[in-house]
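So you can see what is in the structure, the chains are spelled out below.
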Amino acid sequence: MFVTMMMTDQMLDLPPPLSNEVPMMHHMINGDASQQVILVQVNPGETFTIRTEDGALQCIQGPAEVPMMSPNGSIPPIHVPPGYVSQVLEDNTGVWRVVVTPHSECYPPSYSPALSPSHHIHPPYLTHPHFIPASHTSYYPHVSHGDVPPHQFYHHRLPPIYPEEIIPLYNVSTFMGHEEYSKPPPKKLKQPVDRTGVSQVTSPLSTSYKSTTACTGTSNGYSKSHTSPGGVGGGGGSPGNKRPDRRARGSPKHIDIEPQDADVEVRRVQAAPSGMDKPQVSKVQSRSALVSWTSAFSPSASGLGWHGDGTLPSCNYELQLTDKGRDGKYKVVYSGEELQYTLTDLRPATDYHIRVNTMCNSVMGPCSDVRAFTTHSAPPDIPLPPRLSHRTKSSLTLQWRPPADNGSKITNYILEWDEGKKNSIFREYYVGHQRHCKVMRLCPAVGYTFRVAALNDFGTSGFSTEVVFYTTGSLPQTSLPPRLVLAGPSWVTLEWTRPNSCSVEEVVTYTLEVQDETKGLEFQAVYSGLELNHKVEPLRRNTQYRFRLIICSGEWRSAPSSLLMCKTTPDRPGPPLNPAVNRVTYHSFCVTWEPPQDDGGSGELTYILEISEGNIEERQWATLYRGPEKKHLCKDLKPATCYSLRLSCVTVGGQGQCSEDLTVSTLSLPPGQCQLPRIIGNIKHKELNLQWDGPLCGEESEGIEFSLEMCTMEEGSEPVEVYRGFKTECTVGSLLPGTTYKFQVRAANKTGYGPYSESVEISTAAGPPGQCSPPDINVTSYTCAVVTWENKESSGVDISEYRLDWGRDLDSLELVYSGTEAYFVISNLEASTDYCCRLQAVNQAGAGPYCELVTCRTPAAAPDVVSGFLLLDYPPTSADSESFSPSTCLALIWDEPCCNGAEITSYSICMGESTITIGNTTCHIIRDLLPDSEYSLQIRAENEVGVGPFSQTLTVSTRPLPPSPPRLECAAVGPQSLKLRWGFSSRSSVTDDTVYVLQMEDRNQRFVVVYRGLSHTFKLQRLSESSRYSFRIQAVSKAGEGPFSETYTFSTTKSLPPTLKAPRVVQLEGNACEVTWESIPPMRGDRISYVLQVQGGRDSESKQVYKGEDTSFQLFGLQWNTDYRVRVFACRRCADTLQELCGSYSTSTHFTPRRSDTTLVVEPDITRVPMGKTLSDEQFASLIVFGVASLSVLMAFLLQLLI
């Protein structure tokens, strides 16, 4: 037990005392004496007994903390049994505690060393070795630690009470209510039930107590085993296996039943529970259900429990469950004080029976009626792994057993396998109702992993345990590991050798796998093919990888080779990021930077800072810093000087690129004192124009910033900056009329601010009148309002007129009245409209400020006339497109009129003698009309206020029936054009004014109009070659638009290659020439070839000497001084039809081989035709430009001579 003491000099607000019979002392209530609060901490399993002023004994059961007060500031007498001592200790927080411990000085391990007897022992309190023991007349209920941590309590056996040594206290007060300390603490769920008698207490033992039993077992004078007379064994053991009862810690060794205990026993028997109601079951799932029941305790007629203090006894409930039928063996699944419990770990689709009984005050009541319920069905259980029934080199036959179906028949089984890749990635191989499967087309001597799952109507079960089965056959020897050829920052090149055991005809596939530790421990395939080398990329630089090789043939697959460990090389780092300069002074500045975004794969970085002074042309860089830090302070610099800085990084991979140049200038000296500010122009009532001179002469005026501050003449007024800029004059506004202000100015440059100038006092002029009071608005009708305002006599002499602004919002306010009257009538207003106004007073000095904005709203009225009443040629909404016909329907639309403050409820359409009423909509379709008929229509709107006037009469007519679409045909087809024609049959009646609408489908599968007119043919240009186009046509007449025809599809043909320009001939050494011509790109994926023909000598016809895709060809064996002509044309080879389309011949090129040392370049033959016909477009344009330029120069020269 711990006693905590705390001193206070003020009145403490404590709850009422534990017993209503304990009075509160007068001097404690008034707070006229020094009070001492002692907190008595009662451990679990202990009872703290006190005697009040009226002589009655009061027991407080642990765990609890009881505050006691002593009015005279002394410690109350505390009696302790033999073998115990009390000590007064002071902890680190300054709180005094009285610790009662055995005389053997054995302390619980959880007790703080700061409270040991060797620390801060106060001698005045060592003379009180007293302790109040537990009363043997108290009842010991089952207790637990509750909300107090176990390490805060000191557990020990309580000695017998000595009534003659109990000394009454001055007063007792507690923070616990009567219900709190008497209510038993909650018990944990699913704990065995302890049935104890009145004289037996069962409480859990803490670890700290068990560790100190060897020290305190004999010092208290108790034996180690004791059997309470009449006690009942706990633990729920069977009669045949009865264990000796264990007395709880803290209970007295001998208990004598006093006469008053007989009455307690009688009341306990009378309070025994009666029969329980049948429990309720809710939230039934496949494996859980919630069971709840009602309390079985019925209070006596006197309204008091057997405790005698009005509290109800604590009751335990046992919930019993069986799945063997109503008369089966029941099993206790819950025991505790709660009135509900959630059953878990149930079997799906199973019938269960439950019942509940009550044990109150160690008396077991009868069981309730049995409640039956059935759990829901669920997916099947996880099946057992499949078994191997037969295997060969290329197949495995598997079988498996069906699992429990959990109330629903199994419909299918799912068999998955990893395809022998050992990568934990499974794929479905079989889904069906059979319980066996044969896996075909496997490799010899390879292990495959399988798992199986079951499926019913409620879902799929989990997969079974993975199992591995191997096919028959023998493995070849392990292949040799790959070899490293070359490594780079992001790639490595590997090679390997072909196994000697493989024949030359055998096809061998090599699979190269890599292991990346950053992505896991699994090997990933990066190459699979027939080559004996491979370049692996992309890889991370300066990273170690593991490679292995697997060789596969048509009949076998080798095991992975041994590992090859190789590492990529590091790369050069990038430039440092975000270089910045701060703390710039006259002779120094600090440079900071961040690591580069790319460190080259090496973690160790060395930074190089270089500096240069002077212009860019004569810049010389000097290394200022070299090290790992990311900042450097540059010292001993020149003031007002410009420097350039750059940074770079150095790693194992080399020195990286330098960063961009950073320019910084050192500061100069701050400016001097400015001159006094002075006034410019006339003094106004709200603003002042000020001007001042800069610092003294000789200082630079460029880049100097000025700051003007202002303050009022009132005491405690602080200066406020009203201007900051580079000009030496400013206008200070928003001033008060007739007020004196102080002004002072200072200058600043990049270095900082200079001193303030001397202050000057300036006063503003008198101003206009003040703000008027808000006017009153009286709305007489929805078109008229009266505005009045107050005319103050005190200011009436100064005011010359009032100005009233009126409008719908602040932006639309207009002046509606100007005069000396105090009212104005406004008319011609609109109904249900918001209006606002403001008032302003004017005198000889000017106009005063406007008053606050006043708003009002006119009342509602009937709707206005409907406007925009029109007839549409199409339905207003897409939903009515299918059922709309212009011959029998009229689509009407109108604009919504002004509702005048009341929402429009309906519209009335008058058509002759009939009236059509519709809801609040702005469109309507009148159906079931006669074709080619005329109607007169009127419409009006209606709201809650009334009915609006009719609109103007609208005369409309229905159309005759529309024509049917014609038949569409393709008259001519080209590579980039289609000519379409259409016409009606002789039976169709078509007028001359019929308009045809031709539509074509675009890339978004939408039809767009390409032609609309009266013609029966149309030619489409600029189409793509060899493409399909879809068309549809529609006939439109005065009767309306007819339906669209069916979709017609036509295709364009392929284009011929374009005509080439004349080839170019270059004479080579000897009698050889090289002919070159321009190239043509592939046409829609079709390859282009060229045909070269030569005519010369005695041959009168051209001969084909070359056909291919090249754009040059060399001619050999030519005759000297013989005329030759060459020409070329292109051929297009269609990939889909294998058809070859040839273009036209190019212009012939004439050349004559001659004996010469220089190379002859022959252009196209242009000497045999007139000059005007042989110039190209570029030559002709150059000739025109040259002529215009010459004429301009000549005219300029003539003008210069005339001037």
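Residues numbered from 1 in each chain as written. Predicted model: local features only at pLDDT ≥ 70, side-chain atom pairs only at ≥ 80, totals over all residues. Heavy atoms only, no water.

## Some details on the overall build of the protein
- The helix and strand tally for the protein stands at 7 helices and 78 strands.
- Residues classed as buried in the protein amount to 38% of the 1203 residues present.
- Counted over contacts in the protein with a minimum sequence separation of 6, partners at least 24 positions apart contribute 64%. (Helix = DSSP H or I, 4+ residues; strand = E, 2+ residues; numbered from the N terminus. Buried < 20%, exposed > 50% of the residue type's maximum accessible area, 1.4 Å probe, protein only. Contact = heavy atoms within 4.5 Å.)

## Comments concerning the environment of Y1106
- Tracing the backbone through its elements, the reader meets Y1106 in strand 73 (residues 1103-1108).
- Remark: the alpha-carbon pair of Y1106 and L1092, spanning 14 residues in sequence, is separated by 5.1 Å.
- Excluding anything up to four places from it in sequence, Y1106 contacts W1077, Y1090, V1091, L1092 and F1113.
- At 3.0 Å, the side chain of Y1106 forms a polar contact with the backbone nitrogen of D1110. (Polar contact = N/O pair within 3.5 Å; in protein donor to acceptor, adjacent residues only side chain to side chain.)

## Structural notes on unusual backbone geometry
- The omega angle of the peptide bond from E537 to P538 is -5 degrees, so this bond is cis rather than trans.
- Positionally, P538 belongs in the loop between strand 29 (533-536) and strand 30 (544-552).
- Its identity as a non-glycine residue notwithstanding, D636 has a phi of 55 degrees, on the positive side.
- When you line up the elements, D636 lands in the loop between strand 36 (631-634) and strand 37 (642-651).
- With a relative accessible area of 77%, D636 lands in the exposed category.
- Residues other than glycine seldom take positive phi values, yet N900 does so here, at roughly 55 degrees.

## Focus on the pattern of salt bridges
- Taken as a whole and assessed by the stated rule, the structure comprises 29 salt bridges.
- A salt bridge links R1087 to E1109; its shortest N-O distance comes to 2.4 Å. With R1087 in strand 72 (residues 1087-1096) and E1109 in the loop between strand 73 and strand 74 (1112-1115), this pair connects stretches of sequence that are 22 residues apart.
- With its nearest N and O atoms 3.1 Å apart, the salt bridge here joins E1140 to K1107. You can see E1140 sitting in strand 76 (residues 1140-1142) and its partner K1107 sitting in strand 73, a full 33 residues away along the chain. (Salt bridge = Lys/Arg side-chain N within 4 Å of Asp/Glu carboxyl O.)

## Description of the sheet that holds strand 43 (residues 720-725)
- With antiparallel pairing, 4 strands are arranged side by side in an open sheet as 43-42-45-46. Edge positions in the sheet fall to strand 43 and strand 46 (760-763), since each of these pairs with one other strand and no more. Mean inter-strand twist for the sheet, computed between neighbouring axes without regard to direction, equals 30 degrees.
- Where strand 42 (residues 705-712) meets strand 43, 5 bridges bridge the pair, whose relative direction is antiparallel. Considered in strand 43, the bridge of F706 is made with G725. (Pairing = 2+ DSSP bridges. Axes fitted to C-alpha atoms, helices over the stretch in contact; angles between N-to-C directions.)

## Points about the side chain of R451
- Following the sequence through the fold, R451 ends up in strand 22 (residues 447-456).
- Engagement of the side chain of R451 in a polar contact is seen with the side chain of E416, the distance being 2.9 Å.
- Not counting the four nearest positions on each side in its chain, R451 is found in contact with I414, L415, E416, F426, F463, S464 and E466.

## Some points on the sheet that holds strand 48 (residues 784-788)
- Strands sit in the order 47-48-51 across an open sheet of 3 strands; the sheet is antiparallel. With partners counted over all chains shown, the strands left at the sheet margins are strand 47 (776-781) and strand 51 (823-826), one partner each. Between one strand axis and the next, the sheet turns by 15 degrees as a mean value, whatever way the strands run.
- Across 5 bridges, the pairing between strand 47 and strand 48 is antiparallel. Its bridge partner lying in strand 48, I777 is registered against V787.

## Overview of the pairing of strand 17 (residues 387-391)
- Inspection of the sheet shows strand 17 paired to strand 18 (residues 396-399) by 4 bridges, in the antiparallel sense. Note on strand 18: the bridge partner recorded for R387 is Q399.
- Between the end of strand 17 and the start of strand 18, which pair antiparallel, lie 4 residues.

## A short note on the packing of aromatic side chains
- Enumeration over the complete set of coordinates arrives at 33 aromatic pairs.
- A connected cluster of aromatic rings, assembled from ring pairs, spans W417, Y429, Y448, F450 and F469.
- Lying across the ring of Y330, R355 places its NZ or CZ 4.0 Å from the centre.
- We note K535 situated over the ring of W491; from NZ or CZ to the ring centre the distance is 4.5 Å. (Phe/Tyr/Trp six-rings, centres within 6.5 Å; stacked < 30°, edge-to-face > 60°. Lys NZ or Arg CZ within 6 Å of the ring centre and 35° of its normal.)

## Some thoughts on the side chain of T1149
- In this structure, T1149 sits in strand 77 (residues 1149-1151).
- Here the side chain of T1149 touches P1063 through a polar contact of 2.7 Å, landing on its backbone oxygen.

## Remarks on the nonpolar core
- Grouped together as the largest cluster of nonpolar side chains are 19 residues, with contacts concentrated most on W1077, Y1090, V1126 and F1151.
- Listed by contribution, the elements that provide at least two residues to this core are strand 71 (1073-1076), strand 72 and strand 75 (1124-1133).
- Apart from residues no more than four positions distant in its own chain, V1126 is found in contact with P1063, V1065, V1075, L1092, Q1093, V1094, L1115, T1147, S1148, T1149 and F1151. (Core = buried A, V, L, I, M, F, W, Y, C linked by side-chain atoms within 4.5 Å.)

## Quick notes on the confidence of the model for the protein
- With 73% of its residues at a pLDDT of 70 or more, the protein shows a mean pLDDT of 76.
- Ranking the elements of the protein by mean pLDDT puts helix 4 (residues 213-216) last, at 32, and strand 19 (residues 412-417) first, at 95.
- pLDDT under 50 marks residues 1-34. Its contacts with residues more than four places away, or in other chains, come to 100 contacts.
- The low-confidence segment residues 104-262, where pLDDT is below 50, has 302 contacts with residues more than four positions distant or belonging to other chains. (pLDDT = per-residue confidence, 0-100.)

## Details of the environment of L890
- Examined against the element boundaries, L890 turns out to sit in strand 56 (residues 890-895).
- Look at L890 and you get buried, because its relative accessible area is 1%.
- Sequence-wise, L890 and I925 are 35 residues apart; in three dimensions their C-alpha atoms are separated by 5.5 Å.
- When sequence neighbours within four positions are dropped, the list of residues in contact with L890 reads L871, H924, I925, I926, L929, Y935, V956, S957 and T958.

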